[in-house]
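# Commentary on secondary and tertiary structure
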Number of protein chains: 2
Amino acid sequence: MREVLAEAAFQLFLERGFEQTTVDDIVARAGVGRRSFFRYFPSKEDAVFPDHERCLAEMTAFLEERAPDASLDPVDTVCDAARLVTRMYATNPEFSVQRYLLTREVPGLRTYELSVVRRYERTLAGFLRRRYVDDRGGDEPEGALRAEVIAAAVVAAHNNGLRSWLRSGGREDADASVDHALALVRTVWGRGSESTPSPATAVAATDDKDRSVDEGEVIVMVAPRGAPLWKVVQQIESALGEDA
Amino acid sequence: MREVLAEAAFQLFLERGFEQTTVDDIVARAGVGRRSFFRYFPSKEDAVFPDHERCLAEMTAFLEERAPDASLDPVDTVCDAARLVTRMYATNPEFSVQRYLLTREVPGLRTYELSVVRRYERTLAGFLRRRYVDDRGGDEPEGALRAEVIAAAVVAAHNNGLRSWLRSGGREDADASVDHALALVRTVWGRGSESTPSPATAVAATDDKDRSVDEGEVIVMVAPRGAPLWKVVQQIESALGEDA
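Keep in mind that this is a model prediction, so the values were computed, not measured. (Residues numbered from 1 in each chain as written. Chains lettered and ligands numbered in written order. Predicted model: local features only at pLDDT ≥ 70, side-chain atom pairs only at ≥ 80, totals over all residues. Heavy atoms only, no water.)

Pairing of side chains with opposite charge becomes possible as their charged atoms draw close. Here the structure, examined in full by the defined rule, presents 26 salt bridges over all chains. Of the charged contacts in the structure, one is a salt bridge between Glu148 of chain A and Arg163 of chain B, with a shortest N-O distance of 2.7 Å. Pair noted here: Glu148 of chain A is in helix 9 (residues 140-167) and Arg163 of chain B is in helix 9 (residues 140-167), and the two residues belong to different chains. Through salt bridges that share partners, Asp76, Asp80 and Arg186 of chain A make up one connected network. (Salt bridge = Lys/Arg side-chain N within 4 Å of Asp/Glu carboxyl O. Helix = DSSP H or I, 4+ residues; strand = E, 2+ residues; numbered from the N terminus.)

Turning our attention to the packing of helix 1 (residues 2-16) of chain A against helix 7 (residues 93-105) of chain A. Residue and element names in this part refer to chain A. The contact between helix 1 and helix 7 brings their axes to 11 Å, and the two run at 50°. Between helix 1 and helix 7, the interaxial angle falls into the category oblique. Along this stretch, helix 1 crosses helix 7, giving a crossing that reads as left-handed. Mapping the contact onto sequence places Phe10, Phe13 and Leu14 in helix 1 and Phe95, Gln98, Arg99 and Leu102 in helix 7. Considered class by class, the residues forming the contact of helix 1 with helix 7 number 5 nonpolar, 1 polar and 1 charged. (Axes fitted to C-alpha atoms, helices over the stretch in contact; angles between N-to-C directions. Parallel < 35°, antiparallel > 145°, perpendicular 65-115°, else oblique. Left-handed = near helix turned anticlockwise from the far one by under 90°. Contact = heavy atoms within 4.5 Å. Nonpolar A, V, L, I, M, F, W, Y, C, P; charged D, E, K, R; others polar.)

Looking now at the packing of helix 7 of chain A against helix 9 of chain A. Residues and elements named next belong to chain A. It is the contact of helix 7 with helix 9, at a shortest axis distance of 9 Å, that shows an interaxial angle of 100°. On the basis of the axis angle, helix 7 is roughly perpendicular to helix 9. For the pair formed by helix 7 and helix 9, the contact residues are Pro93, Ser96, Val97 and Tyr100 on the first element and Arg163, Trp165, Leu166 and Arg167 on the second. A class-by-class count of the residues in the contact of helix 7 with helix 9 yields 5 nonpolar, 1 polar and 2 charged.

Residues and elements named next belong to chain B. Position of Glu113 among the secondary structure elements: in helix 8 (residues 107-134). Residues Glu113 and Phe41, spaced 72 residues apart in sequence, show a C-alpha to C-alpha distance of 15 Å. Look past the residues within four positions of Glu113 in its chain and what remains in contact with it is Phe49, Tyr89 and Thr103.

An ideal rise of 1.5 Å per residue puts 22 Å on 16 residues; helix 10 (residues 174-189) of chain B measures up with 23 Å between its terminal C-alpha atoms. Within helix 10 of chain B, the axis deviates most sharply at Leu182 of chain B, by approximately 30°. Those residues of helix 10 of chain B that fall on the buried side of the exposure criterion are Ala174, Ser177, Val178, Ala181, Leu182, Leu184, Val185 and Trp189 of chain B. Buried residues along helix 10 of chain B sit against helix 9 and helix 10 (174-189) of chain A together with helix 6 (74-91) and helix 9 of chain B. Two or three places before Asp175 of chain B, at the opening of helix 10 of chain B, Asp173 of chain B has a side-chain oxygen 3.0 Å from that residue's backbone nitrogen. (Expected span 1.5 Å × (residues − 1). Bend = angle between axes of the 7 residues up to and from the residue. Buried < 20%, exposed > 50% of the residue type's maximum accessible area, 1.4 Å probe, protein only. Polar contact = N/O pair within 3.5 Å; in protein donor to acceptor, adjacent residues only side chain to side chain.)

Quick look at the structure:
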């Protein structure tokens, strides 16, 4: 019933335009009563994005499950969580591309989408804040700031990759497009993945996460030819246990 | 007239609630005709945020003016542009704090605010994209990605600092609160300011922006006691001319 309604609604939006379609039109097309529509969707806008609620719930569960595992890089985890949204779009490329084009034409849908995006961002930020503040007994304002900035960066990168895919008409690989965009955030904010071939070997390794460099301490680092500097720097951070 | 209407509207929103106040109530309080209201404000929501259009225009002009100056760090420039928003809020702390509390209660105002924030973000991203892509004949998708991610980070940091100030009842220093938050973005994404006291001295300095570390090359770095590692890492990047 829910899917039938969403499909009827979307077909009508494409045929007549979003503003020109009423809930009465939708229920007539679907062959059900008016109250059925509102049982499933609070508004016309919700029928255009029928899967976001489920995806938000999935994302929350995904993060919840990984929250206790301190071995995971929180930045990697939120990037992986953002890919749940990619998967939702990629499951039905034709629908996603048509909706993308429709949303660009209808201000009300863009506003709705902004609210949804904001909810994903808050979900990711909430997970990061917990990791940066609660779990470490850390500094509340600094942890919250860092969490909000990284969540915003993840969402912006994800949406950049998703839009590239939508603009390709859904023909390219959605995951690859999003992963490429998220790599910028992982590089800048992440701990650095274990599985990445190490471009540099930092000599001064330590497990103490909160240490600073002591006076007169010298960092000696050897890097292979051609290692990009950001990888080298990331490696130094990782070896020194700098997480901030 | 515009100010009289905005003030009448806001007083009524506080007295009766946003949803319970009609445009008729507002014009009656202001002692003008209904059409006068819509001459100044497209909707009730706009009357709650009467200065954003002016501030957006100011931001656009501010960025336009600085666009040709390649000596400016684009990240610093967008952070400075974001402070125009801080200034708008700080000009009238009491109004800003009351509006913050009102907005938290009214979903329609939160949605409106999201749209406004998104317009600031796009304005900042547009400036960055031009600097990263057009001015350098650079890679379009990479420049646009970088621009969008940094603009999102700037907006998230700015709003974190602004909210801290609003939560303090407007009693703290708004600029200081926002600057503190933006410092995280400047540190991570900016070229590094000349005026920041250097926490570390990297020995291997070069002007070549695109170099990698050569095989067998050793980075020797001395840092003063207590220097936070991110500052040390930033210094290495800066001395090695790493810009990416």
